[in-house]
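Chain and residue survey
Letter by letter, the chains look like this.
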Amino acid sequence: MASNGPSNGGKLPFSKIDVDEQHDLMEAGKQVFDDGVDAEVDVDASSEDPFDITNTKNAPPETLRRWRQAALVLNASRRFRYTLDLKKEEEQEKRRRLIRSHAQVIRAALLFRLAGEGEIGVTVTSPTPSGDYAISVENLSSLTRDHNISALQQCNGVKGLAAMLKTNIEKGIDGDDTDLFKRRNTFGSNTYPRKKGRSFWTFLWEAWQDLTLIILIIAAVVSLALGIKTEGLQEGWYDGGSIAFAVILVIVVTAVSDYRQSLQFQNLNKEKQNIQLEVMRGGRMVKISIFDIVVGDVVPLRIGDQVPADGILISGHSLAIDESSMTGESKIVHKDQKAPFLMSGCKVADGVGTMLVTGVGLNTEWGLLMASISEDTGEETPLQVRLNGVATFIGIVGLTVAVFVLAVLLGRYFSGNTRSSEGKVEFHRGQTSISDAVDGVIKIFTIAVTIVVVAVPEGLPLAVTLTLAYSMRKMMADKALVRRLSACETMGSATTICSDKTGTLTLNQMTVVEAYVGTKKINPPGDYSQLHPMVSSLLCEGVAQNTTGNVFVPEGGGDVEVTGSPTEKAILSWTVKLGMKFDVIKSETTVLHVFPFNSEKKRGGVAVKQRDSKVHIHWKGAAEIVLASCTGYLDSNASLHSINEDKEYFKAAIDSMAANSLRCVAIAYRSYELGKIPKDEEHLSQWALPEDELVLLGIVGIKDPCRPGVRDAVHICTSAGVKVRMVTGDNIQTAKAIALECGILDAAEDATEPNIIEGKVFRALSDKEREKVAKQITVMGRSSPNDKLLLVQALRKGGEVVAVTGDGTNDAPALHEADIGLSMGIQGTEVAKESSDIIILDDNFASVVKVVRWGRSVYANIQKFIQFQLTVNVAALVINVVAAVSSGDVPLNAVQLLWVNLIMDTLGALALATEPPTDHLMHRSPVGRREPLITNIMWRNLIIQALYQVSVLLVLNFQGNSILGLNNDTRERAMDLKNTVIFNAFVLCQIFNEFNARKPDQINVFRGVTKNHLFMGIIGVTFVLQIIIIEFLGKFTSTVRLNWKYWLACLGIAIVSWPLAAIGKLIPVPETPLSEYFRKPIQRCRSSPCA
């Protein structure tokens, strides 16, 4: 769950420059967001309806408590199972603080002791060998946990420690099975014991807690005792035993359904925690699971990564770590050789580095923290809250009806107006025995309680969880991992998607297809013979050292392995063709300082010292931005020229490549004096790399083809009323070309401002202007992460429901702010993933569209279930109330109503909540977040079916004897047969009406029904069980066997619901929701002076 992550997941700086300043900027952005949320919450808070919560993302606990207190609940442990346990959340937060403070107290005490020992010259204890290694797990744990710099120095620093762990800090560990087994055996694995999920028996116990079911069980026990006493064991146990059996069946089926959902959530939680990362093993980068990390591993760290285990910094440049997940403080901590200790679970806020793993699993504070708290799957979703409101309203109505029926039946019974099936008066004052009177009262009370069981739809809010659990499991197959439940349903309301370009709309398979060195176009781009050796050497040096990628050349020959981001891989592969010897360059030159690439500056740089002490500063980044800093260029013959005369040529070359959908990257350098570079580490970390007077070495055009099918996906979104916007850091011309290719822009004529806009232009607008312009924007080029955040805020203020894709650390604020944050599973950083609601596992825009389909499906399935359940509720209540008031008897007894409740609540939810999405869903507009749950179409369908069922069954109740030809039978036989026909017809009507509920707005309700095997299975099982109940379980359900004529009559009554539904759908309904007609007079009354 997103809320379980660090509260400041989005509060990370944009770049290494002025980290504290950027941190303040992020805090300001967060404040803007908080103000917006508070405004939304205030609207909800001022509302008379506590269930009127349109957005539960980042909702405060007070709002969540308010609707819980307003809900009418007969089984809190079941009703609130998948909502956030507010008390448990507070306890877990206290536990987190306790573990954090405990670690900080130990550290402070150690620092105090070390300071004292330093003054009196106490020596540090030497490490103890363990097995094949020169240091034990206890030594390592205390060293990293206590941040003991003296113990690290005793080991001769990180290099000495690496030697003790048999690790090559350049190439990593060997990584073969034997090596890994030894390390896990000695130092442990990077796992921690998770708290076991609740067992089936726990769910059984919770299902049993329902107050109405407990009352029914008590009534069944009393009835059982009285029945055995008056009629003997052989006949007397049926009434009480059948009620008890029916209640137990309801409890078991409910528990099984809830237990299956729980297992699905557990599996999804495991998937969320299984982070994939790269480690250096045997000289090559290998992608492994976080659980496979071992002590001694060498792990590269980049912006947005999660520190996978405790460790010590080997080398780093401008490395800043967000330790808030461990310390609880929103503070960025800089790491260098003076402060080299890294804690598991923290995030890389800025810079790059390499770490040596020294502690894993329970030997880390993060492992202890995670083992001490359970993964809570509880979370609010807007539909859950609204359905609790619906359930509360229906429950109050049902309770009122039950009390009314109880009063009427008791009045009739004690006044002597209630007759048995033989026609005898059941109660005579002074003559009827106390046991008979108690038995009669218990039967009446049981009927009233059963009406409450049927009327109070405890399963209605849980139907949301059922459909969400089903959707989440299916979405995994569609390459979408849901982190927040509410995102599933909110996605159905999305009106706009702000998508990245690279990797989402494109394949992220980049290759250099054009290259310019000086004014010469190199064709083919990898032909090194066209370049002077000096130019090739400078290009190769700049690319090899100014990269986070890696080139591995197998010793025995074979293909060269290039790793890194897609852009890095493309440029590295190009320079390999130019003859780059990656390892040689790395060994012959020394990196002095690094400015990591960031999406704000659009470039990255490095200062490199050669063996002869010459210093080169290399820059690489967005072509027009790097070009603006150049004063000269080297041609292919290594001659230096002033750039002033040819600047227009280079700009034209960039525009030409951009118009062909190419990403343009420029590579430049300059010489620098070694003496001007700070010597001490503290000043060096603050030193800004010179970025003026650069010499242009080359410009490359990188092709990243559009994903197959992305044009169709964009078209589907457009026809579904969802506007697709492209937000990219690329050149505006590249963005325009890709947008035309993907179908986001229909024609080149549309590419005018503000339809297509640069980030800096949008940024310069006032808040009101931004809000006005935002709706018109289709493409934003050269945008920074802050521009994306401003766009999201402007769109949300304008009433849009915004989905945003993002993969970088700096996308976190926009992902956090959006209604639905979609991070990328392949290229996304851990910070981005933690700030998002859904992770797109294949980084494909087509998968985003599938998420929209599933979001709409969730909402549609809930509406189907509501329509079905309300029809049963209305029909069952009206039939029993009218019959009770008029004749003092009810045609549907307690056991029969419990069976109907099982069909309606659990089996009905399973059948209708698991309907897969259809193309029809994408041919309608997005569902407004404040649109009523029960639409006019649903009211029409519901009223038609309920009226039909009530009319037919009441006619059977009052005129059944003559219609069914029972006038010549005994009164008892006629009554039993008539009530059996009513019960059978009623159940069959619900079975047939389940088909109608599948397609509330379509005449053909059978389309695709055979593909939903679960639906067909449940219908089949329900029908077979109904036959068994009628034909073989008459003693339990107070029914008699029916001959084929009566079965045909019941089927005939039920099957009429199909043509009736089809005809009903031809009746037009008003566009104004029915609830509005009632709401307006109530609001007028409230606002009038007399109120």
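Residues numbered from 1 in each chain as written. Predicted model: local features only at pLDDT ≥ 70, side-chain atom pairs only at ≥ 80, totals over all residues. Heavy atoms only, no water.

1. Re the sheet that holds strand β8 (residues 480-482)
Note the following rule: For two strands to be treated as a pair, DSSP must find at least two bridges joining them. A run of H or I in DSSP counts as a helix once it spans at least four residues, and a run of E counts as a strand once it spans at least two, with each numbered from the N terminus. All axes are obtained by fitting lines to C-alpha atoms, using only the stretch in contact for helices, and the reported angles, taken between N-to-C directions, cover 0 to 180 degrees. Any pair of residues with heavy atoms lying within 4.5 Å of one another is described as a contacting pair.
The eight strands are arranged β8-β26-β25-β24-β9-β21-β23-β22 in an open sheet whose pairing can be described as mixed. Since the sheet does not close on itself, it has two edges, and those belong to β8 and β22 (756-758), each with one partner. Between one strand and the next, the sheet's axes are offset by a mean angle of 20 degrees, whatever the strand orientation. Taken together, the four bridges between strand β24 (residues 802-806) and strand β25 (residues 820-824) define a ladder with parallel strand orientation. For Val 804, the partnering residue across the bridge sits in β25 and is Gly 821. The sheet strands contacting helix α26 (residues 732-742) are β21 (723-727), β22 and β23 (779-781), and the helix crosses β22 at an angle near 155 degrees.

2. A closer look at a nonpolar patch on the surface
Formally: Patch construction takes residues with relative accessible area above 30% that form no salt bridge. Like charges are linked within 9 Å, and nonpolar side chains (Val, Leu, Ile, Met, Phe, Trp, Tyr) are linked within 5 Å. Surface accessibility in these figures is a Shrake-Rupley result with a 1.4 Å probe; residues are shielded only by whichever protein chains are displayed. For this analysis, a salt bridge means a side-chain nitrogen from Lys or Arg found within 4 Å of a carboxyl oxygen belonging to Asp or Glu.
Taken together, the side chains of Val 1021, Val 1024, Leu 1025, Ile 1028 and Phe 1032 make up a nonpolar region of the molecular surface, amounting to roughly 440 Å² of accessible area. Its place among the elements puts Ile 1028 in helix α36 (residues 1013-1032).

3. Thoughts on the UniProt feature "transmembrane region" (unreviewed entry) in the protein
Test applied: UniProt positions are given in the numbering used here, feature names are shortened, and annotations may be inferred rather than shown by experiment.
As recorded in UniProt, the sites labelled "transmembrane region" (unreviewed entry) are residues 203-228, 240-259, 390-414, 444-470, 1014-1034 and 1046-1067. For residues 390-414, the end-to-end C-alpha separation is 36 Å, with 100% helix and 0% strand making up the annotated structure. Taken end to end, residues 1014-1034 has its terminal C-alpha atoms 29 Å apart, with 95% of it in helix and 0% in strand.

4. Section: unusual backbone geometry
The amide bond that connects Asn 523 to the next residue, Pro 524, takes the cis arrangement and shows omega of -5 degrees. As for its placement among the helices and strands, Pro 524 is situated in the loop between β11 (520-522) and α19 (533-545). The linkage connecting Glu 753 with the following residue, Pro 754, adopts the cis geometry, with an omega of 5 degrees. The phi torsion at Glu 693 lies on the positive side, around 50 degrees, for a residue other than glycine. The topology assignment puts Glu 693 in the loop between α24 (681-686) and β20 (694-703). Look at Asp 843: it is not a glycine, yet its phi comes out positive at around 60 degrees.

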